[in-house]
Amino acid sequence: LRTILVELGLEPTGRTDRAVYLEQLNEFLLAQVPLGHDVVLFIDEAQDLSPELLEQVRLLSNLETDSRKLLQIVLLGQPELTRHVERLPQVAQRVVVRYHLGPMTAEEVDLYVAHRARVAGADRRLLSTRAAQAVYEETGGVPRLVNLLVANALFVAAARGDSQIGEDTIRDLAEDRRMSVEAA
């Protein structure tokens, strides 16, 4: 609760009093209603929340007026989040929408990497066509693995002074990763 208050730009009052923090959050949320503001809480890596913390998050969904919820909550996480939520029926009942981002196709991987590069300010294609295909083959299109492999490839390309990431770089990094996993 303290972290939520700080992220909302509030100065938490009290030292560690949950009731005080909850009241402060409720007052803030009520003040947003006449302003027409919707408040959304995004919790990333939510699969790491303990059952107790997931229950506390569920209780936040009780903050409401007679006509509307004051706080929308979005949980983002790895596939194990679904299993954690399903073990807590009261939490699972509050989940209105679920979406699982599955693996991307080879074309989607290429478009995804190109988009992320553009958003980051790149003015050229960072992956050769063959490198993009190699990224797909080495990661199976799993977004988390795509991000990891391409980020590492960017470091290698920058260190070498390469203007574009080639297939060999992708394959070498993937092989290094496989070897380190086998060694562990």
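Keep in mind the model is a prediction, meaning the values are calculated, not measured. (Residues numbered from 1 in each chain as written. Predicted model: local features only at pLDDT ≥ 70, side-chain atom pairs only at ≥ 80, totals over all residues. Heavy atoms only, no water.)

A. Region of the structure containing unusual backbone geometry. With a phi close to 55°, Glu45 is a non-glycine residue in the positive phi region. Examined against the element boundaries, Glu45 turns out to sit in the loop between strand E1 (39-43) and helix H3 (51-60). Residue class for Glu45 comes out partly exposed when judged on its relative accessible area of 36%. (Helix = DSSP H or I, 4+ residues; strand = E, 2+ residues; numbered from the N terminus. Buried < 20%, exposed > 50% of the residue type's maximum accessible area, 1.4 Å probe, protein only.)

B. Summary view of the pattern of salt bridges. Across all of its chains, the model carries 9 salt bridges by this definition. Ionic pairing is found between Asp38 and Arg68, a salt bridge with its closest N-O pair at 2.8 Å. Of this pair, Asp38 sits in the loop between helix H2 (18-32) and E1 while Arg68 sits in the loop between H3 and strand E2 (71-75); the two residues are 30 residues apart in sequence, bridging distant segments of the chain. Judged by relative accessible area, which is 60%, Asp38 ranks as exposed. On the basis of relative accessible area, Arg68 is assigned to the partly exposed category, the value being 27%. The salt bridge involving Arg130 is made with Glu167; its shortest N-O contact spans 2.9 Å. One end of the pair, Arg130, is in helix H7 (residues 129-139); the other, Glu167, is in helix H9 (residues 167-183), and 37 residues separate them in sequence. When its relative accessible area of 59% is taken as the criterion, Arg130 is described as exposed. (Salt bridge = Lys/Arg side-chain N within 4 Å of Asp/Glu carboxyl O.)

C. Quick look at the nonpolar core. Core analysis: the largest hydrophobic core is formed by 21 residues, its most contacted members being Leu25, Leu29 and Leu60. Breaking this core down by element, the ones donating at least two residues are helix H1 (2-7), H2, E1, H3, helix H4 (80-86) and helix H5 (89-92). If one sorts the elements of this core by residue count, H2 sits on top with 4 residues. Core analysis: the next-biggest nonpolar cluster, separate from the first, contains 16 residues, Ala132, Val150, Ala157 and Leu173 among them. (Core = buried A, V, L, I, M, F, W, Y, C linked by side-chain atoms within 4.5 Å.)

D. Highlighting the packing of helix H6 (residues 106-119) against H7. Where H6 meets H7, the closest approach of the two axes is 9 Å, and the angle between their N-to-C directions is 115°. For the element pair H6 and H7, the recorded crossing hand is right-handed. Note on element contacts: H7 touches H6 through Ala132, Gln133, Val135 and Tyr136, opposite Ala106, Val109 and Asp110. Class assignment of the residues belonging to the contact of H6 with H7 gives a composition of 5 nonpolar, 1 polar and 1 charged. (Axes fitted to C-alpha atoms, helices over the stretch in contact; angles between N-to-C directions. Left-handed = near helix turned anticlockwise from the far one by under 90°. Contact = heavy atoms within 4.5 Å. Nonpolar A, V, L, I, M, F, W, Y, C, P; charged D, E, K, R; others polar.)

E. Layout of H9. Between its first and last C-alpha atoms H9 spans 24 Å; for 17 residues at 1.5 Å apiece the expected length is 24 Å, and the two agree. The secondary structure elements touched by the buried residues of H9 are H7 and helix H8 (143-160). (Expected span 1.5 Å × (residues − 1).)

This is a description of form; function is not addressed.
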